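Structure at a glance
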Amino acid sequence: MGVQIVGVGSYVPDNVVTNADLRERYGFDPDWIEQRTGIFSRRHAPPSVATSDICVEAAKRAIDNAGAKTEDIDLLIVGTFTPDHTCPSTACIVQEKLGLDVPAFDLAAACSGFVYSLATAAQYVATGNSKLALVIGADLCSRVVNPSDKKVAPLFGDGGGAVLVSRGSMNQGLLCYQLGADGGGGPLLQCPAGGTRQPATPQDITNGNQFLNMDGRNVFIWAVRVVEDTIKLVLEKSGLRIEDVSLFLLHQANARILDHAVEKLGIPREKVLMQLDRYGNTSAGSIPLVLDEAARSGRIQTGDTVLMCGFGAGLTWGTALFRW
C-alpha cells in the first residue's frame, strides 16, 4: 500500500488487419477466428517500428496524462518478451529516446509482464527507493508468429501501455497480489530457436523455428483453471468478494477464457472490459491498454478497487488487486 498510479497512456499502430484481410492474404477462415477467439481485428506495426517505438509513444501519453516532467522519473521497467535486440535491453533504448537519467531494465514474463513489472515498481516506490516510476508493457507479437500459421497468427497483435507510479495515501495501492510461475509448462508456448539453447541456423529460419509455437488446447485448459484459481486466492487473502471489485481488467487472450471466468466466478459482465475484438492478444501490452481505456473513459474513480490478471508463456501468471 501507499502507492498510486498517477498517469496512464497507451499506443497501437495505425495499421488495422481484419479477419477478412487474413482470408485474402493467407486463406484463413474469419468465422473460425471469430467463433473460437472473439477477435475481429488486430494492429500490426510497419517494418520500421520496433517494440521500443511503441513503448516511447505509450510513455509520452502517460507522462502527459500525469502532467509529469521527464526529469522527475527515476526508474524505468519495461515488460516485454519481444525486445528490439537481445542486447541492449529495450528499456535502455526507451530511456535514451525519452531523455531519462534513470536505471532501466526489461522484465520478461510474456503476457504477465505488466503485472510483474507493476508489482516490482511498487516495491521501489513503497520503500522510498523511487519517487516516480515509469512502468511499460508492450509487445510486437506480429514479429514472432508465423504469419501463415492459421492457429496462432490470427490471435496476436501489436501494442502497449504505460503507467506512472508514485507515493500515495495508505489507502491506495496493492491490496493483495500473486505472482506465479510453472516452468514445467514452458514447452506449451515457446520460440524454439534464437536463444543460447538453440541459436537460429539458416535451416531453423527456413523451417520457421524462430516463431512462436503454441499447444493451443492445453494452454486453454491451463488458462481457464489458473485465472479462476488466482482470482479466488487473491480475493480470499484480501478478504474481499467479487462484488467488492469495481472493475476486472483481465489479459485479453481469448474471449472464451474471459467468458469462463465470468461464469465460474460469478462476475457481472459489465465489470469485465474487453477490447480483444479490436486488438487481439498484445501480450504484455494487453492489460495496460485496457487500463488506459478504462481510466480515460471514467470507468475508474479514486477509491475503486481494480483487479488485473495476466497469464501466459513461462508459464506465468500475475494477479493484482489495486485500490485506485
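Structure: see above.
Summarised in this report is the structure supplied together with it. (Residues numbered from 1 in each chain as written. Predicted model: local features only at pLDDT ≥ 70, side-chain atom pairs only at ≥ 80, totals over all residues. Heavy atoms only, no water.)

**Let's talk about a positive patch on the surface**
- A contiguous patch of positive charge on the surface is contributed by Arg36, Lys150, Lys151 and Arg256.
- Looking at the element boundaries, Arg36 is found in helix 2 (residues 30-37).
- In this structure Arg36 comes out as partly exposed when scored by relative accessible area, which is 39%. (Patch = residues over 30% accessible without salt bridge, like charges linked within 9 Å, V, L, I, M, F, W, Y side chains within 5 Å. Areas by Shrake-Rupley, 256 points an atom, 1.4 Å probe, with all protein chains shown as cover. Salt bridge = Lys/Arg side-chain N within 4 Å of Asp/Glu carboxyl O. Lys, Arg positive; Asp, Glu negative; His and termini not counted. Charge placed at Lys NZ, Arg CZ, Asp CG, Glu CD. Helix = DSSP H or I, 4+ residues; strand = E, 2+ residues; numbered from the N terminus. Buried < 20%, exposed > 50% of the residue type's maximum accessible area, 1.4 Å probe, protein only.)

**Brief notes about the environment of Ile267**
- If you trace the backbone, Ile267 turns up in the loop between helix 8 (255-265) and helix 9 (276-279).
- The spatial distance from the C-alpha of Ile267 to the C-alpha of Phe248 is 8.5 Å, given a sequence separation of 19 residues.
- Those residues in contact with Ile267 that sit more than four places away from it in its chain are Ile242, Phe248, Ala261, Val262 and Val272. (Contact = heavy atoms within 4.5 Å.)

**Notes on the pattern of salt bridges**
- In this structure the tally under the stated criterion is seven salt bridges.
- With its nearest N and O atoms 3.1 Å apart, the salt bridge here joins Glu293 to Arg278. With Glu293 in helix 10 (residues 286-296) and Arg278 in helix 9, this pair connects stretches of sequence that are 15 residues apart.
- Taking relative accessible area as the criterion, Glu293 reaches 34% and is therefore assigned partly exposed.
- With a relative accessible area of 32%, Arg278 lands in the partly exposed category.

**Details of the sheet that holds strand 12 (residues 305-312)**
- Spatially, four strands are ordered 8-13-12-11 in an open sheet, and the strand pairing comes out mixed. At either end of the open sheet lies a strand with only one pairing partner, and these are strand 8 (173-181) and strand 11 (247-250). Each strand axis lies, on average, 10 degrees off the axis of its neighbour in the sheet, ignoring direction.
- Where strand 8 and strand 13 (residues 316-323) come together, eight bridges link them in antiparallel fashion. Across the sheet, the residue bridging to Gly180 is Trp317, located in strand 13.
- Contacting strand 8, strand 12 and strand 13, helix 5 (residues 113-126) runs over the sheet at an angle of about 130 degrees to strand 8.
- Most of the contacts of helix 10 go to strand 11, to which it runs at about 150 degrees, and overall it touches strand 11 and strand 12. (Pairing = 2+ DSSP bridges. Axes fitted to C-alpha atoms, helices over the stretch in contact; angles between N-to-C directions.)

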